[in-house]
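Chain and residue survey
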Amino acid sequence: MPGTYTVKMTRGKETYTTQLVLELDPRAKFTLEDRKLEFDAAMRLHSLLGEMSFDVDRINGVHDALMERGAKSKGDAALSKHLQDLAGKVEAMRKKIVATTEGGAITGEERIREKTTQLYGYILNYEGRPTDYQTARIDSLKKELDDVAGEFDAFVTKELRAVNKSLSQKKMAPIQPIDRKAWDAANTDSGAVVPGAARFFNKHD
């Protein structure tokens, strides 16, 4: 956004600071309000990609833990199969978020991530006001992701809690999905506004 920014550069023990004034291009055909709406829309998508990254990581963590416990439960065929079945159920949730076919969007397989990154690119490439459709699309993509996150939360509350009791009886460690605080601490990138979001797109901010 237009405004006065502080630019700081550090070289060794020396730090250089200066002020940088950014203004709208006088040739631009859009207004400051248009630019503000574009910026807000881009940041909403940036935040959504961060949420997506967290959701995928916690789903992957539970999936891998289920598979690992299943491999260690070969002596109990029923438990081993149950763990593998649950891992398949969790994997199906992940497939609602990200394309899993090699080649991704090139193959025509588009999930929430691919649709979000495509919209993010469209909005970044034009500094004017987003269309009403684009703004509404952000809301719909957020709803889609929230639905998958809610499905996973329900799985953790009911099915994972039940399977953890079986694991405890087998003297095996329970499975706990990573929480947001721990994930943020593990993924914080000083160059990203939203930790982990940068893995889904090139940084433009």
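These numbers were taken from a predicted model, which means no experiment stands behind them. (Residues numbered from 1 in each chain as written. Predicted model: local features only at pLDDT ≥ 70, side-chain atom pairs only at ≥ 80, totals over all residues. Heavy atoms only, no water.)

1. Quick look at the layout of surface pockets
One simple way to see leftover space: roll a probe sized like a water molecule over the atoms. Computed from the structure, the second largest pocket encloses a volume of approximately 160 Å³. In this structure, the second largest pocket is lined by Met1, Pro2, Leu22, Glu23, Leu24, Asp25, Ala28, Phe30, Arg35 and Glu127. For the lining of the second largest pocket, a count of residues per class yields six nonpolar, no polar and four charged. (1 Å grid on protein atoms, 1.4 Å probe; cavity = no way out; pocket = protein on both sides within 12 Å on 5 of 7 lines; lining within 4 Å. Points joined across faces, edges and corners; volume = space filled by probe spheres on them. Nonpolar A, V, L, I, M, F, W, Y, C, P; charged D, E, K, R; others polar.)

2. Topic: the nonpolar core
Among the nonpolar cores identified, the biggest contains 34 residues, and Val62, Leu66, Ile97 and Phe155 are the most heavily contacted of them. Where this core is concerned, the elements lending two or more residues are helix H1 (32-72), helix H2 (77-97), helix H3 (112-124) and helix H4 (132-169). For this core, the element with the highest residue contribution is H1, accounting for 11 residues. If we skip the residues at most four places from it in the chain, Phe155 touches Val62, Leu66, Leu86, Lys89, Val90, Met93 and Leu160. (Core = buried A, V, L, I, M, F, W, Y, C linked by side-chain atoms within 4.5 Å. Buried < 20%, exposed > 50% of the residue type's maximum accessible area, 1.4 Å probe, protein only. Helix = DSSP H or I, 4+ residues; strand = E, 2+ residues; numbered from the N terminus. Contact = heavy atoms within 4.5 Å.)

3. Here we look at unusual backbone geometry
Non-glycine residue Lys171 carries a positive phi angle of around 60 degrees. Structurally, Lys171 can be placed in the loop between H4 and helix H5 (180-187). Classification of Lys171 by relative accessible area gives exposed; the value is 78%.

4. Concerning the side chain of Arg58
Here Arg58 shows up in helix H1. Here Arg58 falls in the buried class, since its relative accessible area comes to 10%. Of note is the side chain of Arg58, whose polar atom sits 2.9 Å from the side chain of Asp153. Ignoring sequence-local partners within four residues, the contact set of Arg58 consists of Ala149, Phe152, Asp153, Pro177 and Ile178. (Polar contact = N/O pair within 3.5 Å; in protein donor to acceptor, adjacent residues only side chain to side chain.)

5. Things to note about the packing of aromatic side chains
Aromatic ring pairs are described here by two measures, namely the spacing of the ring centres and the angle between the planes. Scanning the entire structure with this criterion turns up two aromatic pairs. Between Phe54 and Trp183, the ring centres sit 5.5 Å apart and the planes meet at 65 degrees, which makes this aromatic pair edge-to-face. Here Trp183 lies in helix H5 and Phe54 lies in helix H1, a separation of 129 residues in the sequence. Where Phe152 meets Phe155, the ring centres are 6.4 Å apart and the plane angle is 20 degrees; that geometry is what we call stacked. One end of the pair is Phe152 and the other is Phe155, both in helix H4 and three residues apart, which spans about a single turn. We classify Phe152 as buried; its relative accessible area is 0%. (Phe/Tyr/Trp six-rings, centres within 6.5 Å; stacked < 30°, edge-to-face > 60°.)

6. Things to note about the packing of H1 against H4
The contact between H1 and H4 brings their axes to 11 Å, and the two run at 20 degrees. Taken together, the axes of H1 and H4 are roughly parallel relative to one another. In this structure, H1 meets H4 at a crossing whose hand is left-handed. (Axes fitted to C-alpha atoms, helices over the stretch in contact; angles between N-to-C directions. Parallel < 35°, antiparallel > 145°, perpendicular 65-115°, else oblique. Left-handed = near helix turned anticlockwise from the far one by under 90°.)

7. A look at the environment of Leu66
Positionally, Leu66 belongs in helix H1. Among residues more than four places away in sequence, those in contact with Leu66 are Leu83, Leu86, Ala87, Val90, Phe155, Leu160 and Ile175.

8. Overview of a nonpolar patch on the surface
Among the surface-exposed residues, Tyr5, Val7, Leu20 and Leu22 lie close enough to one another that they form a single nonpolar patch of about 310 Å² accessible area. Listed by contribution, the elements that provide at least two residues to the nonpolar patch are strand E1 (3-11) and strand E2 (14-22). With respect to the helices and strands, Tyr5 occurs in strand E1. Taking the relative accessible area as the measure of exposure, Tyr5 reaches 35% and is therefore partly exposed. (Patch = residues over 30% accessible without salt bridge, like charges linked within 9 Å, V, L, I, M, F, W, Y side chains within 5 Å. Areas by Shrake-Rupley, 256 points an atom, 1.4 Å probe, with all protein chains shown as cover. Salt bridge = Lys/Arg side-chain N within 4 Å of Asp/Glu carboxyl O.)

9. Structural notes on the confidence of the model for the protein
Low-pLDDT stretches of the model should not have their predicted coordinates read in fine detail. When pLDDT is averaged along the protein, the result is 88; 88% of the residues meet or exceed 70. The low-confidence segment residues 190-205 (pLDDT under 50) makes 38 contacts with residues lying over four places distant or belonging to another chain. (pLDDT = per-residue confidence, 0-100.)

10. Here we look at the pattern of salt bridges
Any two side chains of opposite charge can pair, so long as their charged atoms come close to each other. Scanning all chains against the criterion turns up 21 salt bridges. A salt bridge links Lys36 to Asp40, with the shortest nitrogen-to-oxygen separation between them at 2.8 Å. In this pair, Lys36 and Asp40 are both assigned in helix H1, four residues apart and thus about one turn of the helix distant. Taking the relative accessible area as the measure of exposure, Lys36 reaches 39% and is therefore partly exposed. On the accessibility criterion, Asp40 (31% relative accessible area) is partly exposed. Between Arg113 and Glu114 there is a salt bridge, with its nearest N and O atoms 3.0 Å apart. Owing to a relative accessible area of 9%, Glu114 belongs among the buried residues under this scheme. Members of the salt-bridge network, linked through shared partners, are Glu33, Asp34 and Arg129.

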